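Analysis of the macromolecular model
Now for the letters of each chain:
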Amino acid sequence: MAKKAPAPKSVELDGKEFFTAVNLIEQEKGIPKSYMLEKITQALVSAYKRDHEGITDNVTVDFNEEKAEVKMYVKKDVVETVDNPYTEMSLEEAQAKLPQAQLGDVLRIEVKTRAFGRIAAQTARQVIVQGMREAEQGMIYDEFSAKEHEILTGIVTRIDPRNGAASIRITSGGEFTDAYLAAAEQVAGETFKEGDRLKVYVVEVRRATRGPQVIISRTHPGLVKRLFELEVPEIYDGTVEIRSTAREAGSRTKIAVWSADPNVDPIGACVGTRGQRVNTIVEELKGEKIDIIKYSDDPVAYVSAALAPAAVVSVTLLDDGKSCQVIVPDDQLSLAIGREGQNARLAAKLTGFKIDIKPQSTPVEEPQEEASAEEE
């Protein structure tokens with residue numbers, strides 16, 4: 001005997017399944033039930049209005065979870081002469097539905113067509129899917145926006161052969177998203193391949209139409225600062241502070257550190273035993289040189305330290321309060337300036353001073369060989 005074919009699944013709205021789905025979303029995704037029902041009501045009314053041009057704001061949707069029912073009603077005024085059949089009905093028609101109806105009454109007429117059942121089912125599914133998508137995007141945004149200016153570890157999932165940009169999958173708190181590491185935010189000379197693990201600095205998290213957009217960087221000075229916080233417990237607990245950072249990614253970084261505790265050497269804490277701590281950071285930055293100097297509230301001492309490894313004879317502050325003239329031994333001039341002016345330039349960024357460097361043999365009134373660097 002042939003088996004009876006199963007009945008095709010109804011395309012109409014199943015009230016029990018509908019309320020179960022809404023409750024599940026509230027529990028798992030944290031979307032309030034009231035929010036979901038409001039969205040579904042708006043979508044159902046809009047769908048009904050599209051098929052009934054004369055409908056105004058006289059359509060309502062009722063949700064009865066106890067009875068597992070979703071019903072739509074059209075409100076109509078009982079009038080002598082019907083001008084708009086979508087919003088009005090005659091007394092005779094009204095009394096056929098409700099014998100005690102009178103002129104001026106407003107009746108709620110249930111929409112019972114099978115078309116409504118199909119529309120309701122389709123709309124509910126669409127709104128639920130969209131609601132889940134919005135909730136997931138919201139959770140991703142909240143999770144990663146809390147990680148702005150922090151370091152996250154990601155995995156390279158794709159490299160664009162045209163411009164070298166990389167897609168990095170980053171994870172935080174059980175949420176993950178794909179972030180875009182532009183070529184301009186990569187350190188010159190670094191190379192990646194798919195599957196590589198990479199530390200990146202979260203610059204900013206933006207809301208976008210396709211979901212949160214996480215802006216990441218490998219060149220941002222904040223990356224160096226956060227790496228020191230990870231490697232140096234004294235920085236993490238606040239015993240040592242990083243007061244300023246200046247970086248030319250891939251080449252050299254200068255950081256100024258300070259401690260309120262006279263028994264703590266802030267430079268030694270950052271360097272670590274046999275240079276272990278700073279070497280770990282240098283390795284992560286693929287050999288980038290790092291100068292650690294001691295911060296001082298005294299501009300003369302601060303500028304002198306910032307020009308390390310060069311020795312400084314004197315620092316003279318100029319009247320504008322933002323510039324200074326530095327005298328160095330003749331044999332230290334090239335070291336103070338640095339290759340292509342890098343050392344002086346980073347010292348200026350670090351301290352906030354415009355620095356004019358002169359050799360000791362050059363009379364002040366007759367400047368010959370000199371270099372200047374200004375904070376950029």
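Quantities reported herein were computed from a predicted structural model and do not represent experimental measurements. (Residues numbered from 1 in each chain as written. Predicted model: local features only at pLDDT ≥ 70, side-chain atom pairs only at ≥ 80, totals over all residues. Heavy atoms only, no water.)

Remarks on the overall build of the chain
- Scanning the chain from terminus to terminus reveals 11 helices and 16 strands.
- The buried share of the chain, taken over its 376 residues, is 40%.
- Put simply, 56% of the contacts in the chain that link residues at least 6 apart link residues at least 24 apart. (Helix = DSSP H or I, 4+ residues; strand = E, 2+ residues; numbered from the N terminus. Buried < 20%, exposed > 50% of the residue type's maximum accessible area, 1.4 Å probe, protein only. Contact = heavy atoms within 4.5 Å.)

Re helix H11 (residues 342–351)
- When you tally the buried positions in H11, you get 8 out of 10 residues, the bulk of the element.
- Regarding H11, the residues found buried are Gln342, Asn343, Ala344, Leu346, Ala347, Ala348, Leu350 and Thr351.
- In the stretch just after H11, glycine 352 is the one whose phi turns positive, near 85°.

Thoughts on the pairing of strand E8 (residues 197–206)
- Note: strand E5 (residues 151–159) against E8, 5 bridges, orientation antiparallel. If you follow isoleucine 151 over to E8, its bridge partner there is tyrosine 201.
- One ladder, built from 5 bridges, connects E8 with strand E9 (residues 213–217); its direction is antiparallel. The partner of valine 202 across the bridge, within E9, is isoleucine 216.
- The turn linking E8 back onto E9 is made up of 6 residues, and glycine 211 within it adopts a positive phi angle of 115°. (Pairing = 2+ DSSP bridges.)

Focus on the packing of aromatic side chains
- Applying the stated criterion across every chain, the model contains 1 aromatic pair.
- Here the guanidinium or amino end of arginine 108 rests over the ring plane of tyrosine 73, the centre of that ring lying 4.0 Å away.
- It is arginine 243 that lies over the ring of tryptophan 258; its NZ or CZ is 4.3 Å from the centre. (Phe/Tyr/Trp six-rings, centres within 6.5 Å; stacked < 30°, edge-to-face > 60°. Lys NZ or Arg CZ within 6 Å of the ring centre and 35° of its normal.)

Side note on the pattern of salt bridges
- If you walk through the whole model with that rule in mind, you get 18 salt bridges.
- Where lysine 71 meets glutamate 69, a salt bridge forms, and the shortest distance between an N and an O atom there is 3.6 Å.
- Among the residues examined, glutamate 69 registers a relative accessible area of 29% and is labelled partly exposed.
- A salt bridge links lysine 254 to aspartate 291; its shortest N-O distance comes to 3.0 Å. Of this pair, lysine 254 sits in strand E11 (residues 252–259) while aspartate 291 sits in strand E12 (residues 289–294), and the two are 37 residues apart along the sequence.
- Here lysine 254 falls in the buried class, since its relative accessible area comes to 0%.
- Beyond isolated ion pairs, a larger network of salt bridges with shared partners links Glu150, Arg226 and Glu229. (Salt bridge = Lys/Arg side-chain N within 4 Å of Asp/Glu carboxyl O.)

As for the environment of glutamate 38
- For glutamate 38, the position within the fold is in helix H2 (residues 33–51).
- Exposure remark for glutamate 38: the relative accessible area of 46% places this residue in the partly exposed category.
- Through-space distance from the C-alpha of glutamate 38 to that of valine 61 is 9.6 Å; in sequence the pair is 23 residues apart.

As for helix H9 (residues 299–306)
- Of all the residues in H9, the buried ones are Tyr302, Val303 and Ala306. With its buried residues spanning 95° around the axis, H9 presents them on a single face.
- Measuring from the side-chain oxygen of the N-cap residue of H9 to the backbone nitrogen of valine 300 gives 3.1 Å; that N-cap residue is aspartate 298. (Arc of directions from axis to C-beta. Polar contact = N/O pair within 3.5 Å; in protein donor to acceptor, adjacent residues only side chain to side chain.)

Description of the sheet that holds E12
- Spatial ordering of the open sheet is given by E10-E11-E12, a layout of 3 strands whose pairing is mixed. Each edge of the sheet is formed by a strand with only one pairing partner; in this case those strands are strand E10 (240–248) and E12. Each neighbouring strand pair of the sheet contributes to a mean axis angle of 20°, computed without reference to strand direction.
- Bridge count between E11 and E12: 6 bridges; the pairing is parallel. Within E12, the residue paired with alanine 256 across the bridge is isoleucine 293.
- Running at roughly 135° to E10, H11 makes contact with E10, E11 and E12 of the sheet. (Axes fitted to C-alpha atoms, helices over the stretch in contact; angles between N-to-C directions.)

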